[in-house]
Amino acid sequence: MPAVDKLLLEEALQDSPQTRSLLSVFEEDAGTLTDYTNQLLQAMQRVFGAQNEMCLATQQLSKQLLAYEKQNFALGKGDEEVISTLHYFSEVVDKLNVLHTELAKQLADAMVLPIVQFREKDLTEVSTLKELFGLASSEHDLSMAKYSRLPKKKENEKVKTEVVKEVAAARRKQHLASLQYYSALNALQYRKRMAMMEPMIGFAHGQINFFKKGAEMFSRSMDSFLSSVADMVQSIEVELEAEAEKTRISQQELLSVDESVYTPDFDVAAPQVNRNLIQKAGYLNLRNKTGLVTTTWERLYFFTQGGNLMCQPRGAVAGGLIQDLDNCSVMAVDCEDRRYCFQITTPSGKPGIILQAESRKENEEWICAINNISRQIYLTDNPEAVAIKLNQKALQAVTPFTSFGKKQESSCLSQNLKNSETENDKIVPKATVSIPEAEELIAPGTPIQFDIVLPATEFLDQNRGSRRINPFGETEDESFPEAEDSLLQQMFIVRFLGSMAVKTDSTTEVIYEAMRQVLAARAIHNIFRMTESHLMVTSQTLRLIDPQTQVSRANFELTSVTQFAAHQENKRLVGFVTRIPESTGEESLSTYIFESNSEGEKICYAINLGKEIIEVQKDPEALAQLMLSIPLTNDGKYVLLNDQSDDNDGNPSENRSAESEA
C-alpha cells in the first residue's frame with residue numbers, strides 16, 4: 001500500500017502559507033470525493049431499485065403465466081402442452097422471485113448502506129470541521145488585529161491584559177480546530193478507500209450467493225426439462241418453416257394464375273356453369289326500395305344453409321335469414337339499371353327479393369342452386385347425385401322450341417337425349433329418393449315450347465287488310481261464326497308460359513308437374529319475356545287472340561280439352577290438357593300453361609261451364625234450366641255470374657256492364 005499524503009499536525013499552530021496551500025489541496029480532494037460519492041450512491045441506488053423492480057416483475061410474470069389457461073382462445077387446439085409447461089415455469093419463477101428478494105435485501109445492507117454511512121458520517125464531519133476551522137481562523141485574525149492596534153506611548157495594562165488573553169484564547173481555539181480538521185482530512189484519505197471497496201464487496205457477495213443458490217436450485221432439476229422444452233420449440237420452428245415454405249409456394253401459384261380470375265364476367269360468351277349446385281355463397285347486390293320509384297343497391301354476402309337463403313353484412317358475427325327457399329321459384333329479370341339480376345318468388349306467387357350477381361356465370365349458378373334447393377334435394381341421402389340426375393333431365397326437357405313446326409326435329413333430339421340419359425344413369429349413382437310420379441306424367445326429354453306461332457291461315461287473314469272480329473261481338477266480319485251461335489263468351493287476359501307433350505290426362509297432377517318444369521326451364525334459360533294474349537272461352541272453343549291485331553293465334557276445340565286446373569298456391573297460374581287425334585290413328589296429349597291477370601279458378605269455371613253446355617245441348621230442358629242461371633249481355637250473350645275480372649291495364653271487361661245489369 002503506497003504512503004498517503006497527510007497534513008503535519010506540528011504546523012497547525014503556525015498556520016504558514018505552505019500549510020494553507022497544502023490544506024487547500026486536501027480540501028479540493030474532499031470536495032471531489034463528496035461529488036463522486038453522491039454519484040456513486042445514485043448508481044448503487046439505481047441497481048437496488050432495479051433489483052426491487054425485478055422482484056415485482058418476476059412476481060407479475062408468475063401470475064401472468066398462470067393466466068394463460070384462463071384465456072378463451074377461439075383457436076386453442078393443441079395448447080395443453082403449452083399450459084402445462086407454463087405452469088412449471090410459473091413455479092420456477094416463484095422460486096426465482098425468492099432469490100431476487102433475498103438479493104435485493106443483501107444489496108441494501110451490504111452495498112447501499114456502507115456508502116450512505118460514509119457520506120453521512122465522514123464527509124459530513126469533514127464539512128463541519130471545515131466550517132469550525134474557518135470560524136476559528138476568522139476569530140483569531142480579529143483578535144490579532146485588535147492586539148496589533150494597542151498604543152505604544154500610553155499603555156493601559158488592564159486593556160493590554162484583556163487583549164492578550166483574548167488573543168491567547170483565539171489562538172488556542174484555532175489550534176484545536178485546526179488539529180481536529182487536519183486529523184479528519186488525514187483520516188479521510190484512508191476511509192475513502194474503504195468506502196469504495198466495501199459496497200462492491202457486498203454487491204459481489206450478494207450476486208455470488210444469488211447465482212450459487214440459483215445453480216443449486218435449478219441447474220440439476222431443470223436441465224432435462226429445459227432440454228425437452230427446447231426440443232419442442234425447435235420442432236415447432238421446423239413446422240413453422242415448412243408451413244411458411246408451403247405458404248410461399250401457394251402464394252406464388254395463386255399469383256401466377258391467369259388474369260381472368262381477377263376480371264369479372266371474363267367468359268360472358270360461354271361461361272362454364274355448374275348447374276348441379278346444392279349450396280352457393282358469394283357477394284350479391286340486394287335491391288332496396290327507398291321511395292315510390294327510387295331504389296338503392298347494397299352489396300352483401302349471401303349463402304345458402306339447408307333450405308334457407310342467409311345474408312351476412314360485412315363485420316357481422318353471424319348471418320340472418322332472408323328467404324325460405326322451399327317450393328320457391330326463381331328466374332332472371334330485366335332491371336333497367338342493372339345486369340345479371342334474378343328474382344325469387346314465394347310459393348304463394350308473391351314477388352320476393354331482387355338480387356344482382358357480378359357475372360353471367362354467377363347469375364346462372366345462383367338461379368340453378370336456388371332452383372335445386374327449392375325442390376328440397378338437400379334432404380336426400382345423396383343430394384349431389386339427385387341434383388345431377390334432375391338437371392340432366394331438365395336440360396333434356398328445357399331445350400327451347402319457338403314453333404310447332406320444329407316438333408318433328410325435336411323427336412330425333414329427344415331420342416338422342418334419352419340414349420344419353422341411359423348412359424348417364426350408368427355413371428351417376430342412383431338417388432335414394434326417385435321421382436316416379438313425374439316420370440309417369442311427363443316423359444323425360446320432352447321439349448318445351450315457349451311461344452305460340454301464328455298459323456299460316458291467320459297470317460294470310462292478317463294481310464288481307466280487312467277489319468278483324470272484335471271478340472266482344474262488335475264485328476262486321478263473320479270470321480268467327482261460332483261466336484255468333486255460342487251461348488257463352490268470356491274474355492281473360494293471359495300470358496303464355498309454355499307447352500309440352502304429356503303421357504296422360506287422367507289426373508290434374510300432370511298440369512302441376514308441367515307448371516313446375518316450364519317455370520324451371522324459364523329460369524335455367526333466363527327467359528323472362530312473355531307474350532300477352534286474350535283468351536276467349538266460348539261454349540265451343542278456347543281461342544287465343546292477339547290484343548293488338550285481333551288475329552287468332554291458336555284455337556282449341558272445347559271437346560278436346562280433357563283436363564284443366566289452376567295452381568294450388570299461385571292462383572294466377574292455370575293450365576289445360578288437350579287430346580288431338582293424329583294421322584297415324586293415335587292421339588297426342590299436350591298441356592298448355594298460362595299466367596292470368598285474374599284468378600285461374602275463374603278460367604277453369606268458364607271452361608267447365610262451356611263443357612256443361614256442350615253436354616246438355618242434346619236435352620233442351622236441361623239446357624234451358626242451365627241458361628236460366630247465367631245472365632245475358634245486351635246482345636243476348638251469356639256471361640259468367642261470378643266474373644269480376646279486370647285486365648290490370650285500365651281496360652275493364654265489357655261483360656262488367658252486363659253483369660251489373662244482371
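Residues take numbers from 1 onward in each chain, read along the sequence in its written order. In keeping with the model being predicted, local features are shown solely for residues with a pLDDT of at least 70 and side-chain atom pairs are shown and tallied solely at 80 or more, while totals for entire chains, interfaces and linings include all residues. The basis for the side-chain values is all heavy atoms of the structure; hydrogens and waters are excluded.

An unreviewed UniProt entry lists the protein chain under the name DCC-interacting protein 13-beta, with Marmota monax given as the organism.

### A closer look at the overall build of the protein chain
A run of DSSP states H or I qualifies as a helix once it reaches four residues; a run of E qualifies as a strand once it reaches two. Both are numbered from the N-terminal end. The secondary structure content of the protein chain amounts to 13 helices and 16 strands. Exposure is judged per residue with a 1.4 Å probe applied to protein chains only, and the accessible area is read against the type maximum: over 50% gives exposed, under 20% gives buried, and values in between give partly exposed. With 662 residues in all, the protein chain has 40% of them scored as buried. Pairs at least 24 residues apart make up 66% of the contacts formed inside the protein chain by residues separated by at least 6 positions. A total of about 38,600 Å² of accessible surface is found on the protein chain, and carbon and sulfur atoms cover 53% of it. Residue contacts are counted whenever heavy atoms from the two residues lie within 4.5 Å of one another. Note on areas: Shrake-Rupley with a 1.4 Å probe; residue coverage comes only from the protein chains shown.

### Focus: a nonpolar patch on the surface
Each patch is built from residues that are more than 30% exposed by relative accessible area and take part in no salt bridge. Like charges join if they lie within 9 Å; nonpolar side chains (Val, Leu, Ile, Met, Phe, Trp, Tyr) join within 5 Å. Salt bridge, as used here, is a side-chain nitrogen of Lys or Arg placed within 4 Å of a carboxyl oxygen of Asp or Glu. A cluster of nonpolar side chains, contributed by L255, V257, V261 and Y262, occupies part of the molecular surface with about 420 Å² of accessible area. Note that L255 resides in helix α3 (residues 157-255).

### Considerations on the nonpolar core
One finds L23, F118, V126, Y181, Y182, L185 and L188 to be the most contacted residues of the largest nonpolar core, which totals 32 residues. For this core, the secondary-structure elements that each account for two or more residues are α1 (17-67), α2 (80-148) and α3. The leading source of residues in this core is α2, at 13 residues. If sequence neighbours within four positions are ignored, F118 has contacts with L33, T37, L123, L188, R191, K192, A195 and M196. To qualify as a nonpolar core, a set must consist of buried Ala, Val, Leu, Ile, Met, Phe, Trp, Tyr and Cys residues joined through side-chain atoms within 4.5 Å. One finds I452, V494, V537 and I613 within the second-largest nonpolar core, a separate group that totals 25 residues.

### Regarding the packing of aromatic side chains
Aromatic rings from Phe, Tyr and Trp, with only the six-membered ring used for Trp, were paired whenever their centres fell within 6.5 Å, and each pair was classed as stacked if the ring planes differed by under 30 degrees, edge-to-face if by over 60, and tilted otherwise. Applying the stated criterion across every chain yields a total of 11 aromatic pairs. Considering the side-chain rings of Y68 and F73, the 5.3 Å spacing of their centres and the 40° angle between planes classify their relative orientation as tilted. For Y68, a relative accessible area of 23% puts it in the partly exposed group. Plain terms: the ring middles of F556 and F576 are 5.4 Å apart, the flat faces sit at 75° to each other, and that makes the pair edge-to-face. Within this pair, whereas F556 is found in strand β13 (residues 552-557), its partner F576 is found in strand β15 (residues 573-581), the two being separated by 20 residues in sequence. Each member of the pair, F556 as well as F576, carries the same accessibility label: buried.

### Section: the sheet that holds strand β7 (residues 351-356)
One open sheet holds the seven strands; their spatial order is β4-β3-β2-β1-β7-β6-β5, and the pairing between them is antiparallel. Only two strands of the sheet have a single neighbouring strand rather than two, namely β4 (320-324) and β5 (329-333). Across the sheet, the mean angle separating the axes of adjacent strands is 40° when strand polarity is ignored. Alignment of strand β3 (residues 308-312) against β4, held across four bridges, turns out to be antiparallel. Considered in β4, the bridge of L309 is made with Q323. This element, helix α4 (residues 360-374), spans β1 (281-289), β2 (295-305), β3, β5 and β6 (341-345) of the sheet and lies at about 15° to β6. The pairing criterion for strands is at least two bridges between them, as found by DSSP. Axis geometry follows a simple rule: fit a line to the C-alpha atoms, using only the stretch in contact for helices, then measure angles between N-to-C directions, giving values from 0 to 180 degrees.

### A short note on the pairing of β2
For a regular strand, the rule is simple: side chains alternate between the two faces of the sheet. In the sheet, β1 pairs with β2 via nine bridges, with the strands oriented antiparallel. Its bridge partner lying in β2, A281 is registered against F303. The hairpin turn running from β1 into β2, its antiparallel successor, is five residues long. One ladder, built from five bridges, connects β2 with β3; its direction is antiparallel. Directly across from Y301, in β3, lies its bridge partner Q312. Taking the residues that link successive antiparallel strands as the turn, the β2-β3 hairpin has two residues, and the phi of G306 there is positive, at about 65°.

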